Amino acid sequence: MPVYFSPEVVTPEFQVLNVVDAKEKALGNVAFLFDEKKLYVYGILEDEEVGADFKDIVTPYVKGLSKARPGIEVYSCLYIGCKKITLNTDEEEEE
């Protein structure tokens, strides 16, 4: 079952996005906080069954936001159920 972002609040300083399924059922949320040289990402997904889809939409979204501010450092704290996950980094992709 695919998941999507549904914007809750979007400002130049931060974004709060709901994670929803095709029926617009809330499954979790993600918050992005922008600093001059840092991007903080915090999110939680309650439904572990769509965890791979969650990671598949968060990873390119963060990469896209990073391109808007070259040299930005990304700090993330993401959970699927009770398990903390990490985003793919450039080093992981090169291996």
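Look above for the structure.
Residues numbered from 1 in each chain as written. Predicted model: local features only at pLDDT ≥ 70, side-chain atom pairs only at ≥ 80, totals over all residues. Heavy atoms only, no water.

Asks: How do you make sense of helix 1 (residues 51-68) when you look at a structure like this?
Replies: Think of an α-helix as 3.6 residues a turn; residues three or four steps apart then line up on the same face. If you check helix 1, its first and last C-alpha atoms are 26 Å apart, about what 18 residues at 1.5 Å a residue would give, namely 26 Å. Of the positions making up helix 1, those classed as buried are G51, F54, V58, T59, V62, L65 and S66. Angular distribution of buried residues about the axis of helix 1 spans 135 degrees; they occupy a single face of the element. The outward face of helix 1, more than 90 degrees from its buried face, is lined by the exposed residues A52, D56, K67 and A68. Structurally, helix 1 contributes buried residues whose contacts are with strand 1 (3-10), strand 2 (14-21), strand 3 (26-34), strand 4 (38-45), strand 5 (73-80) and strand 6 (83-85). (Helix = DSSP H or I, 4+ residues; strand = E, 2+ residues; numbered from the N terminus. Expected span 1.5 Å × (residues − 1). Buried < 20%, exposed > 50% of the residue type's maximum accessible area, 1.4 Å probe, protein only. Arc of directions from axis to C-beta. Contact = heavy atoms within 4.5 Å.)

Asks: Sorry, what's going on with the packing of aromatic side chains here?
Replies: The relation between two aromatic rings is expressed through the spacing of the ring centres and the mutual angle of the planes. All told, the structure shown has 3 aromatic pairs when counted by the stated rule. Residues F5 and Y61 carry aromatic rings whose centres are separated by 5.1 Å and whose planes lie at 70 degrees to one another, so their mutual orientation is edge-to-face. Of the two residues, F5 is situated in strand 1 and Y61 in helix 1; the sequence distance between them amounts to 56 residues. Look at F5 and you get partly exposed, because its relative accessible area is 22%. A residue is classified by how much of its surface remains accessible, and Y61, at 27% relative accessible area, is partly exposed. Consider the rings of Y40 and Y75, whose centres lie 5.5 Å apart with planes at 20 degrees: the pair is stacked. Here Y40 is found in strand 4, whereas its partner Y75 is found in strand 5, with 35 residues between them in sequence. The structure contains a cluster of three or more aromatic residues connected by ring pairs, namely F5, F32 and Y61. (Phe/Tyr/Trp six-rings, centres within 6.5 Å; stacked < 30°, edge-to-face > 60°.)

Asks: Would you explain the pairing of strand 2 in this entry?
Replies: Within a regular strand, side chains alternate between the sheet's two faces. Judged from the 7 bridges that link them, strand 1 and strand 2 form a sheet pairing that is antiparallel. Bridged to V3 within strand 2 is D21. Counting the residues in the hairpin turn of strand 1 and strand 2 gives 3 residues. Where strand 2 folds back onto strand 3 in an antiparallel hairpin, the turn is made up of 4 residues, including E24, whose phi is positive at roughly 65 degrees. (Pairing = 2+ DSSP bridges.)

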